[in-house]
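In case you want the letters, here they are:
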Amino acid sequence: MSANKIWGGRFEKGPASIMEDINVSIDFDKRLAEQDLAGSEAHAAMLAKTGILEKTDSDAIAEGLATIRAELAHGKFPFRREFEDIHMNVEARLTELIGEAAGRLHTARSRNDQVATDFRLWVREACGRIRAGLTALQTALVVLAEKHADVIMPGFTHMQPAQPVTFGHHCLAYVEMAERDKGRFADAQKRMNESPLGAAALAGTPFPIDRTMTAKALGFSGPMRNSLDAVSARDFALEFLADAAICSVHLSRLAEEIVLWSSPAYGFIRLSDAFSTGSSIMPQKRNPDAAELVRAKVGRVLGAFVGLLTVVKGLPLAYAKDLQEDKEPVFAAADALDLSLAALSGMLGDLTINPAAMMRAAEKGYPTATDLADWLVKNLKMPFRDAHSVAAKAVAKAESLNVGLKDVPLAELQSVEPRITKDVFAVLSLESSVAARTSFGGTAPSRVKEQIAHWKGQLP
Ligand code: ARG
């Protein structure tokens, strides 16, 4: 095989085929094509403006890049493994289109600053897209919360019945998580929004380039201040993956609840046909595959994060080919999140809830025992510790009578604590328990409705 036309000037022979196999990245970095073109357009315009390139050359380059843009848009661009990566594929195609002038585009730049720029642009866009996906998820959750603001369900701690809560309240908990996830992606997006372009291979360039101009053209806040850092930093990708890992962990928690709730043992929700799958052997099944897959995608996303951390660890400055391994984990994590978000929003938008099943479950496990203790504190001025003990005895009594707390006869309650009056029954129902929790952030429908109003004002 002949030597590489772009960098093979000092080589007599071409690469071994195994060398090509390990070196080639076009199969995946073709996803940077748009960004690579944008970077080249900005660079060419700057070379023209600063007089580094003659106008005839820069015009020819701009025209050639426009043709490539059209080829890409129509799926006509020839991605070729012999040209190794996206940068050289674009340059090779440009050469075919415009001839010699194409060779001038690489003045005052290197693939090292090019790839760092392209990848930042890609990850910046991914942050924006995921934030939008999270907003859509929040909207689906708020719609559900509003519809079912005062539907009562069991609230759990340790997966044991704890206190009744409202379904609306439960939905809004995930809206809060999604909001923090969005904040993390927005922070990362802002921090990564500096341009590496013009750092060249690692040390800068003697040409009188204008890095502020290219930074502006690409929507960056400005150029990165240190050329060594510019070509070797990948913390922007790591931060994206860290945020993606946290986000996918949140999504997996919601997905797990959907799996549990849709199981007949709970029966709290029914996924639509559109989001259920059947079994090839058991005719009765409605499986929540999409929720299970969202739950499982964390494996990939977390793997991507740990993988890239490991690639970057211990790498000396500046660029090393190790950094070519940065892209696939980021693409994989972004794809997993895009899909998970869309699947969750779809499932939530389409499911029906079963308030009676939630209520039945909420009645189990004496979830108003705390309300009884609170009543003793308020009405009999008992210290909470003593009230706790009295309420525990009342629970034991209810258990022995095989009834719920609100159905224990007054006389039985009085055998535990003689000062209890019939007024106590007013606080022992699920409705009163929920309605009483009016502290800020609490589960009372009145508070939940306030929060819904807050989110409706906040979300587009
Ligand atoms: N394909 C390379 C990457 O993804 C581009 C940079 C190559 N630079 C170099 N000096 N070989 O990292």
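Our structure's up above, just so we're on the same page.
What this report covers is the structure whose coordinates are included nearby. (Residues numbered from 1 in each chain as written. Predicted model: local features only at pLDDT ≥ 70, side-chain atom pairs only at ≥ 80, totals over all residues. Heavy atoms only, no water.)

**Observations concerning the overall build of the chain**
Selection criterion: Strands are runs of DSSP state E lasting at least two residues, helices are runs of H or I lasting at least four, and both sets are numbered from the N terminus onward. Restricting the calculation to C-alpha atoms gives the radius of gyration, and the globule rule supplies 2.2 Å times the number of residues raised to the power 0.38. Working definition: with a 1.4 Å probe on protein chains only, accessible area under 20% of the residue-type maximum means buried, over 50% means exposed, and in between means partly exposed. Two residues form a contact once any of their heavy atoms are found within 4.5 Å. As used throughout, the charge tally considers Lys and Arg to be positive and Asp and Glu to be negative, leaving His and the chain termini uncounted. For the purpose of locating charges, the reference atoms are NZ of Lys, CZ of Arg, CG of Asp and CD of Glu.
Across its full length, the chain holds 18 helices and four strands. Over its C-alpha atoms the chain spans a radius of gyration of 31 Å, topping by over 25% the 23 Å that the globule rule assigns to 460 residues. Overall, the C-alpha framework of the chain stretches about 100 × 50 × 40 Å when taken along its three principal axes. The buried share among the 460 residues of the chain stands at 48%. Within the chain, contacts between residues at least 6 apart in sequence are counted, and of these 73% link residues at least 24 apart. When the 53 basic and 57 acidic side-chain charges of the chain are each reduced to a single mean position, those positions are 4 Å apart.

**Some words on the nonpolar core**
Here is the rule: Buried Ala, Val, Leu, Ile, Met, Phe, Trp, Tyr and Cys residues that are joined via side-chain atoms within 4.5 Å together make up what is termed a nonpolar core.
Among the nonpolar cores identified, the biggest contains 91 residues, and Val123, Phe167, Phe185, Phe240, Ile258, Val330 and Leu348 are the most heavily contacted of them. Considering every element that reaches this core, the biggest residue donor is helix α10 (residues 235-262), with 14 residues. With residues near it in sequence (within four places) discarded, leucine 348 still touches Leu137, Ala140, Leu141, Leu144, Leu254 and Ile258.

**So, helix α6 (residues 111-147)**
Given 3.6 residues per helical turn, the α-helix brings residues three or four places apart onto the same face. The following threshold applies: Expected span of a helix: the number of residues minus one, times 1.5 Å. N or O atoms closer than or at 3.5 Å make up a polar contact, with two conditions inside protein: a donor-capable atom paired with an acceptor-capable one, and, for residues adjacent in sequence, both atoms drawn from side chains.
With 37 residues, α6 should reach 54 Å at 1.5 Å per residue; the first-to-last C-alpha distance of 54 Å fits that figure. The backbone nitrogen of asparagine 112 has a side-chain oxygen 2.8 Å away, supplied by the residue at the start of α6, namely serine 110.

**Structural notes on the site of the ligand**
Under the convention used in this document: A single heavy atom is enough: if one lies within 4 Å of a molecule or strand, its residue is considered near that molecule or strand. Each accessible area is a Shrake-Rupley estimate made with a 1.4 Å probe; only the visible protein chains count as cover when residues are assessed. Three classes are used, and their members are as follows: Ala, Val, Leu, Ile, Met, Phe, Trp, Tyr, Cys and Pro are nonpolar, Asp, Glu, Lys and Arg are charged, and the others, Gly among them, are polar.
Lining the immediate surroundings of the ligand are Ser25, Asp29, Asp85, His87, Arg111, Asn112, Val115, Tyr319, Gln324 and Lys327. Residue glutamine 324 places a side-chain N or O atom 2.7 Å away from a nitrogen atom belonging to the ligand. Relative to its unbound accessible area of 340 Å², the ligand is 86% covered by the protein chains. Top element by residues in the shell around the ligand is α6. It accounts for three residues. Tallied by class, residues from the shell around the ligand come to two nonpolar, four polar and four charged.

**Notes on the pattern of salt bridges**
Applied cut-off: Salt bridges are counted wherever a side-chain nitrogen of Lys or Arg sits within 4 Å of a carboxyl oxygen of Asp or Glu.
Scanning the entire structure with this criterion turns up 30 salt bridges. As a salt-bridge pair, arginine 437 and aspartate 374 come within 4.0 Å of each other at their nearest N and O atoms. Taken as a pair, arginine 437 in the loop between α17 (430-436) and α18 (445-458) and aspartate 374 in helix α14 (residues 369-380) lie far apart in primary sequence, 63 residues in all. Owing to a relative accessible area of 17%, arginine 437 belongs among the buried residues under this scheme. Here the salt bridges do not stand alone but share partners, grouping Glu71, Arg80, Arg93 and Glu96 into one network.

**As for the pairing of strand β2 (residues 160-166)**
To keep things clear, this is the line we draw: Only strands joined by at least two bridges in the DSSP assignment are considered to pair.
Of the pairings in the sheet, the one linking strand β1 (residues 152-157) to β2 comprises six bridges and is antiparallel in character. Paired with glycine 155 across the two strands is glutamine 163, which belongs to β2. Connecting β1 to the next strand, β2, in antiparallel fashion are two residues, including histidine 158 with a positive phi near 55 degrees.

Nothing here speaks to function; it is geometry throughout.
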